[in-house]
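Analysis of the macromolecular model
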Amino acid sequence: MRRSTTPAHGAAPVHLGMPSFPRAAAEAVHDRTLRANLRHATHTIREKRAGAVAELDDWDRLREAGKRIKDHTLRHLDRYLEQLEEAVTGAGGAVHWAEDAAEANRIVTALVKQTGEREVVKVKSMATQEIGLNEALRAEGIAAYETDLAELIVQLGDDRPSHILVPAIHRNRGEIRDIFADRMGRWGRPAPEGLGDDPRELAEAARLHLREKFLRARVAVSGANFMVAETGTLVVVESEGNGRMCLTLPETLISVVGIEKTVPTWRDLEVFLQTLPRSSTAERMNPYTSMWTGTAAARARDGDGPRTFHLVLLDNGRTGVLADDVGRQALRCIRCSACLNVCPVYERAGGHAYGSVYPGPIGAILSPQLRGIGSDIDASLPYASSLCGACFEVCPVAIDIPEVLVHLRERVADRGGAGRRLEKAAVKAAGWLLDHPGALAAVERTASRTRALLPNRPPGAGAWTAERELPELPPEPFRDWWRKNRT
Amino acid sequence: MTPPEPRACHTPQSSRGRILARVRAAVAGAPEAPEPARDHLASHAPGDPADLADLLHANLADYRAVVHRTDGPGLPALIARLLADHGARSVAVPDGLPDHWLGDADAERRTDEEPLTTRRLDETDAVVTGCALAIAETGTIVLDGGPGQGRRALSLIPDLHICVVRAPGQIVASVPQALPLLDPARPLTWISGPSATSDIELDRVEGVHGPRRLEAVLLTGAQR
């Protein structure tokens, strides 16, 4: 069984004993089933997304609008959070503030205990995974049931999610059948006898298994895709209806949401409700979107929705990200996962290698910023990329992920250690050379002429070269070849 | 965009105070963010109401809703037939649903005047509702709990949802056109086809927790 731990300062959990990205990825690329599952899934969704985006002539303008709305919100986040708090409170909700994972977990645990209940149903939420809420609740004797199909597969399989949108993307239908047949009985209603591996049959088994939990649940925990400061409205975007069940049927609803999920106005949703579904599931619109404002519905119409609503606003490293001039753009992320689906590194390494609930290119810039670069895995994540730029191309809020990766590499290099110091010096030297074309040409020619004499690993840079080979030097510099052959 | 005025400072020693202080310190030296241009299109669809109904029809069907069209006099018979075809013996009736919509139906009517419990709804085969509006270019129907739509649980728990859209009156072209018509203080449910999942090998399967059958009825010649 894999365990995760919450560090003493209460930030997001790092999975215990998680090896650095290159080691974890090296293991993953030898897993043929995993590679086949991932390749099939990411290629399918990639093409569909391109089609859904191509339907909108103004995609670039929507992307730019989404970027600017988020940047504006972040620039004045203090004021929008206060406005949001006032609107939610005015609509009958209670607002709580959590500085880190430990505080958020304490708040939610206390709120659940106040209800007297020992179980909660959960809507898929990245924020609650980030803080390790299920584990914290379990330690206090409260069972948290994941109700999203993929999260259910992960929870029953005692596994970790490997994709933001499709957490069980690393599992194929046969594996899912086995998990359901084997494990459902331990958590509630067992899988039907003779369960097959047809996705329809598997979805039906999940429906039956979770139905009893929805109907008796009195407390639900969710995240949110957007919070509208102006109105206090929360928005949850989903497909299966488990979100509607959790947001509608229980008496108490607790939503744990990162502070960066704020948008200023109701109208701003017109941008994100167009870009998010097409980027994530490649649909014109996802099957279900729920919007609610405090407990207004329960008060206006007898019994429509939870009578008690708590919003837990989560920092957990986000204000640190906000302070970084280059890195703060990561807070624009709307968790669509388009960057995972186009990433050649993700496709081969899989989500688990990233050692975080946020895998793929966005995880490579988000995790080291939220958690710091103190662990091997977080220090290696900025290198988990070929800088090909496909992630930036598809990002619906135009996060320049390669730019942030390079920025974080500098920070890792600044941290010290022999290899890192040399690397930093090399980056600086490269910067100078690229600014001085004459010198660059001279260096290139010297390198080409003396290439037979050069070792394939430079001396004194062990920490760097242990994981990398020097590329072979060409017989002549590209610019000389170009001059001879093309001008 | 003008951000709201800063509020009076609260206890800085609370988590709230510390988070807000960190936010202020983080953005203190940051450049002002440029104004969003908002030059994206208000609609991608044709302006003719008849074309909008066709587009809604096509997009709903694309995501596996079954779409029907009828005029006012034909509506009770169509609803009765849909209920019978699905073998629905009971139907939840939201407050404010026009009486004659179920005038021809044989199914037992369960009104929500005395609120239907979750268990009772689970034993109810179908629900018939109206809607607040529908969005043609995304194939979306929006419910806001208004007359004839009921509490959210009514359109969620029964396995068959028959939803009547007044065409052309309730159809708008796009998401940007829909939002100003909706009241955020009401509980809003946006529905684009029946419940679905792509969680197994990204293979789309219709029918998980929400109603597995969505029958959308375009009531032609009707205003809002």
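Below is a summary of the structure that appears in this document. (Residues numbered from 1 in each chain as written. Chains lettered and ligands numbered in written order. Predicted model: local features only at pLDDT ≥ 70, side-chain atom pairs only at ≥ 80, totals over all residues. Heavy atoms only, no water.)

Points about the overall build of chain B
The helix and strand tally for chain B stands at five helices and 12 strands. In terms of overall dimensions, chain B is more spread out than a globule: its C-alpha atoms have a radius of gyration of 22 Å, far above the 17 Å expected for 224 residues. Judged by the C-alpha coordinates and their principal axes, chain B covers about 70 × 45 × 40 Å. Buried positions account for 58% of the 224 residues belonging to chain B. For chain B, contacts bridging at least 24 residues in sequence account for 71% of all contacts bridging at least 6. Each charge sign in chain B was given a centre, from 22 positive and 30 negative side chains, and these centres are 8 Å apart. (Helix = DSSP H or I, 4+ residues; strand = E, 2+ residues; numbered from the N terminus. Rg over C-alpha atoms; globule rule 2.2 N^0.38 Å. Buried < 20%, exposed > 50% of the residue type's maximum accessible area, 1.4 Å probe, protein only. Contact = heavy atoms within 4.5 Å. Lys, Arg positive; Asp, Glu negative; His and termini not counted. Charge placed at Lys NZ, Arg CZ, Asp CG, Glu CD.)

Here we look at the sheet that holds strand E12 (residues 213–222) of chain B
Residue and element names in this part refer to chain B. Pairing is parallel in the open sheet, where six strands are placed in the order E1-E12-E7-E4-E2-E3. Of all strands in the sheet, those bounded by a partner on one side alone are strand E1 (66–70) and strand E3 (108–111). Here the strands of the sheet are splayed against their neighbours by 25° on average, with no regard to which way each runs. Here four bridges tie strand E2 (residues 90–93) to E3, and the two strands are oriented parallel to one another. Considered in E3, the bridge of Val91 is made with Arg109. Across the face of the sheet, helix H3 (residues 75–85) comes into contact with E1, E2, strand E4 (126–129), strand E7 (160–168) and E12 while running at roughly 155° to E7. (Pairing = 2+ DSSP bridges. Axes fitted to C-alpha atoms, helices over the stretch in contact; angles between N-to-C directions.)

Quick notes on the interface of chain B and chain A
Tallying the contact residues gives 83 residues for chain B and 100 residues for chain A. Carbon and sulfur atoms make up 56% of the surface buried where chain B meets chain A, a total of about 8,500 Å² over both sides. Taken together, the connections running from chain B to chain A amount to 14 salt bridges. Salt-bridge contacts for A:Glu283 lead to B:Arg204; the nearest nitrogen and oxygen are separated by 2.2 Å. For the pair chain B and chain A, the interface holds 48 residue pairs in polar contact (both at pLDDT 80 or more). For the side of chain B that touches chain A, the secondary-structure elements that each account for two or more residues are helix H1 (15–27), helix H2 (49–62), helix H4 (118–122), helix H5 (175–178), strand E9 (188–191), strand E10 (196–197) and strand E11 (205–206) of chain B. In terms of residue class, the side of chain B that touches chain A is made up of 40 nonpolar, 19 polar and 24 charged. Pairing geometry for strand E11 (residues 288–293) of chain A and E9(B), over four bridges, is antiparallel. Looking at the pairing, A:Met291 lines up with B:Leu188 of E9(B). (Buried area = accessible area lost by both parts, 1.4 Å probe. Salt bridge = Lys/Arg side-chain N within 4 Å of Asp/Glu carboxyl O. Polar contact = N/O pair within 3.5 Å; in protein donor to acceptor, adjacent residues only side chain to side chain. Nonpolar A, V, L, I, M, F, W, Y, C, P; charged D, E, K, R; others polar.)

Describing the pairing of E12(B)
Residues and elements named next belong to chain B. Burial analysis of E12 places seven of its 10 residues in the buried class, the great majority of the element. As judged from the five bridges shared by E1 and E12, these two strands associate in the parallel manner. Its bridge partner being in E12, His68 is matched across the sheet by Val217.

A word on the environment of A:Thr128
Residue and element names in this part refer to chain A. Mapped onto the fold, Thr128 is located in helix H6 (residues 126–130). C-alpha of Thr128 to C-alpha of Arg284: the two residues are 156 residues apart in sequence and 28 Å apart in space. A polar side-chain atom of Thr128 sits 2.9 Å from a polar atom in the side chain of Lys122.

Observations regarding the sheet that holds strand E6 (residues 219–222) of chain A
Residues and elements named next belong to chain A. Sheet architecture is open: six strands sit in the order E3-E12-E9-E6-E4-E5, paired in parallel fashion. The sheet is open, and its two borders are formed by strand E3 (94–98) and strand E5 (143–146), each paired with just one other strand. Geometrically, the sheet is characterised by an average inter-axis angle of 25° between neighbouring strands, direction not taken into account. In this sheet, E6 lies alongside strand E4 (residues 119–122) in parallel orientation, the contact comprising two bridges. Note that in E6 the partner of Lys122 across the bridge is Val221.

Function cannot be read off these values alone, since they describe shape.
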